[in-house]
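# Observations on the model geometry
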Amino acid sequence: MTCLNKLVAMTPPSSDHKRPHTPSSYRFSSLNLVWLLVLPSAVFFLVSTLGPHRPSISPLSSLLQVSFSNNSLQGSSIFNGSSIDSSFQLEAETDYFVSNMPFPDAIIEKHTIQLDMSKNNESEPVVDVTSKIVKKNSKLERNEANLARVRSSIKQAALVRNLTSTHQDPDYVPHGPIYRNANAFHRSYLEMEKVFKIYVYKEGEPPIFHNGPCRSIYSSEGRFIHELEKGNFYTTEDPDEALVYFLPFSVVMLVQYLYEPETSNTDAIGRTVVDYIDVISGKYPYWNRSLGADHFMLSCHDWGPRTSSYVPHLFHKSIRVLCNANTSEGFNPSKDASFPEINLLTGEVEGLLGGPSPSHRSILTFFAGRLHGYIRYLLLNEWKDKQDPDVQVFDQLPKGVSYMSKLKNSRFCLCPSGYEVASPRIVEAIYAECVPVLISDNYVPPFSDVLNWKSFSIQVAVKDIPNIKKILMGVSQRQYLRMQRRVKQVQRHFVVNATPKRYDVFHMINHSIWLRRLNIHIRDFHQS
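Being a predicted model, the structure only gives us computed values, none of them experimental.

With that settled, consider the pattern of salt bridges. One pass over the full model with this rule turns up 20 salt bridges. Arg320 is paired through a salt bridge with Asp336; the nearest N and O atoms lie 2.9 Å apart. With Arg320 in strand E7 (residues 319–322) and Asp336 in the loop between E7 and strand E8 (337–338), the pair connects residues that are 16 residues apart, well separated along the chain. You'll find Arg320 and Asp336 in the same group, each marked buried. Where Asp449 meets Arg516, a salt bridge forms, and the shortest distance between an N and an O atom there is 2.7 Å. Taken together, the residues Asp449 in the loop between strand E12 (435–439) and strand E13 (458–459) and Arg516 in helix H16 (residues 505–518) connect sequence positions 67 residues apart. Owing to a relative accessible area of 8%, Arg516 belongs among the buried residues under this scheme. Each of Arg149, Arg187, Glu191 and Lys194 takes part in a single network of salt bridges with overlapping partners.

Turning to the side chain of Arg411, a few remarks are in order. Summarising the element assignment, Arg411 is placed in strand E11 (residues 410–416). Comment: no salt bridge for buried Arg411; closest opposite-charge side chain is Asp390, at 8.3 Å. Separated by 2.8 Å, the side chains of Arg411 and Gln477 make a polar contact. For Arg411, the residues in contact, after removing those within four places along its chain, are Pro358, Arg361, Ile363, Leu364, Cys434, Val435, Gln477 and Tyr480.

Here we take up the side chain of Asp336. Among the residues examined, Asp336 registers a relative accessible area of 1% and is labelled buried. Sequence-distant contacts of Asp336, that is, excluding residues within four places in its chain, are made with Ser318, Ile319, Arg320, Gly330, Phe331 and Arg516.

We now examine the layout of surface pockets. Put simply, the largest pocket is a space of about 740 Å³. In terms of lining residues, the largest pocket is bounded by 33 residues, among which Ile217, Asn343, Pro424, Arg425 and Glu428 are the most central. Listing elements by their share of the lining of the largest pocket, those giving two or more residues are helix H12 (403–408) and helix H13 (425–431). The greatest single-element share of the lining of the largest pocket, amounting to four residues, is contributed by H13. Per-class residue counts for the lining of the largest pocket are 16 nonpolar, seven polar and ten charged. Composition of the lining of the largest pocket by domain shows at least three residues from each of domain 2 (196–345 + 503–519) and domain 3 (363–494).

So, about the pairing of strand E6 (residues 295–299). Most of E6 sits inside the fold, with five of its five residues counted as buried. Going residue by residue along E6, you find His295, Met297 and Ser299 tucked away on one face and Phe296 and Leu298 tucked away on the opposite face as well. Examined bridge by bridge, strand E5 (residues 244–246) and E6 share two bridges and lie parallel to one another. Bridging from a neighbouring strand, Phe246 pairs with Phe296 of E6.

Here we take up the sheet that holds E13. The strands making up a sheet associate through backbone hydrogen bonding, with each pair oriented either parallel or antiparallel. Reading across from one edge, E10-E9-E11-E12-E13 is the order of the five strands in this open sheet, with parallel pairing throughout. Among the strands making up the open sheet, the edge pair consists of strand E10 (391–394) and E13. Summarising the sheet, strand E9 (residues 363–368) and E11 pair through three bridges and their orientation is parallel. Its bridge partner being in E11, Phe366 is matched across the sheet by Cys413. Against the sheet, helix H11 (residues 373–383) touches E9, E10, E11 and E12, its axis set at about 120 degrees to E10.

Our focus in this paragraph is the nonpolar core. Grouped together as the largest cluster of nonpolar side chains are 122 residues, with contacts concentrated most on Phe296 and Trp514. For this core, the leading source of residues is H16, giving eight residues. The residues contacting Trp514, other than those within four sequence positions of it, are Leu147, Val150, Ser188, Glu191, Met192, Val195, Phe196 and Leu243.

Turning next to the state of the cysteines. Using the criterion set out here, one finds two disulfides in the structure. A sulfur-sulfur distance of 2.0 Å marks the disulfide that ties Cys300 to Cys323. On the S-S bond that ties Cys300 to Cys323, the torsion sits near -80 degrees, and the link is left-handed. Taken as a pair, Cys300 in the loop between E6 and helix H9 (304–308) and Cys323 in the loop between E7 and E8 lie far apart in primary sequence, 23 residues in all. A sulfur-sulfur distance of 2.2 Å marks the disulfide that ties Cys413 to Cys434. Because the torsion about its S-S bond is 115 degrees, the bridge between Cys413 and Cys434 counts as right-handed.

Take the environment of Ile375 next. Tracing the backbone shows Ile375 in helix H11. Residues Ile375 and Ser440, spaced 65 residues apart in sequence, show a C-alpha to C-alpha distance of 7.3 Å. Beyond its immediate chain neighbours, meaning those up to four positions away, Ile375 contacts Pro416, Ser417, Ile439, Ser440, Asp441, Val462 and Ile465.

Criteria and thresholds
Residues numbered from 1 in each chain as written. Predicted model: local features only at pLDDT ≥ 70, side-chain atom pairs only at ≥ 80, totals over all residues. Heavy atoms only, no water. Salt bridge = Lys/Arg side-chain N within 4 Å of Asp/Glu carboxyl O. Helix = DSSP H or I, 4+ residues; strand = E, 2+ residues; numbered from the N terminus. Buried < 20%, exposed > 50% of the residue type's maximum accessible area, 1.4 Å probe, protein only. Lys, Arg positive; Asp, Glu negative; His and termini not counted. Polar contact = N/O pair within 3.5 Å; in protein donor to acceptor, adjacent residues only side chain to side chain. Contact = heavy atoms within 4.5 Å. 1 Å grid on protein atoms, 1.4 Å probe; cavity = no way out; pocket = protein on both sides within 12 Å on 5 of 7 lines; lining within 4 Å. Points joined across faces, edges and corners; volume = space filled by probe spheres on them. Nonpolar A, V, L, I, M, F, W, Y, C, P; charged D, E, K, R; others polar. Domains from an automatic or database assignment. Pairing = 2+ DSSP bridges. Axes fitted to C-alpha atoms, helices over the stretch in contact; angles between N-to-C directions. Core = buried A, V, L, I, M, F, W, Y, C linked by side-chain atoms within 4.5 Å. Disulfide = S-S within 2.5 Å.

As structure tokens, then:
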């Protein structure tokens, strides 16, 4: 796996819209008089049925409860009350981390909100426009009809409340309490393999576009971009058959090449993202028809949320796949997906997976890391100098002590947030088969719409940092052994493979995007 290093200017936008054909004038006759009487009703029916439409949301689970409201068309945002240039308001009620919540709890079809998106200064012949819509939208309508079938099948699968999937699978059948609803997840995954299609926009040049870091703390970002660019899984060359559209810029590369540390100026990053959206929205119809709701970006850099904020629709409506899955910074679990942060310094997981059996793990809990953020400060301040053999907390490991050895000899591994909520320690713990202890505020763990994190991890509130030893000592041996077995079981969903394998982290990230695409219903419109 290699990372590209060439910097080339971005492809400029092109304008290729054509005005619809205008029909010839009618001659007045008794027959035409009948047409004049009948035609308005027919046109009204066609316009009401076919366009113009915007996406509507169908909740896929209690985690994805979203609806569009047209009661306030001023464009008020749900984030901090800011105003955006949207024609509808997005309202969300989310419960993103509740134990024993089945997935999905419900799939409910909702009516599409119809908004007038036509240009006020143009008068277009309605008959020709609607006929053009029928022609252009045949693939989209087939896609949406297929997705309606998929939603129904997942809803039926969700009614099976046992812990083992009823669907046959030669590789793996999800089972056990690590899943919110194993049967629903399995059905959704199998449908994704059959139906899911991603179109990767070709515009833009490396290293900022179509490229990402392969060997660093941001490896998740580079590896995912690299796999999509290879085109072996889910991608399509026909944008009309795609269900989602990938915006292939790397936030890590944007920061590396465009950030000005002397002035702390990020304007160049913002301009690049704005220009890119202008390019693809001017050249293709897909962004405009959904306001970006079926588009996704991904970032493992802390500045992912900030980078997306330069385009209001990207921030508020698109699917953002973020390591920095912080609800206090606008992360919305109903449309955004949490991205696992994986530190692959060599680019491979060799030597990272596995560890001794529970009986050979002599350390109760372990952490080593520098002072990043107030949670780390509280943890180090409380435990660093305690010299407690059970709770081993370091800001820097002593010489000759192996970090991986400490992980693999610990029963529980502390995973506190740093400056941002995400931490590669969560996946490190899972790789080392050490039960993760999440210490964070406002963090949505990866894949938590299908995984029941409370079955294989411990959540410690920040205020309870002084009580860590008491909390962990209170976990019975029987309960610990169950959790440790589940960590080993869930590990497959976080493993990075040189060539992706079913149910591994690459496919699970795609499944998170797939779920959010299932949650919207798009009908096209044409305004040119």
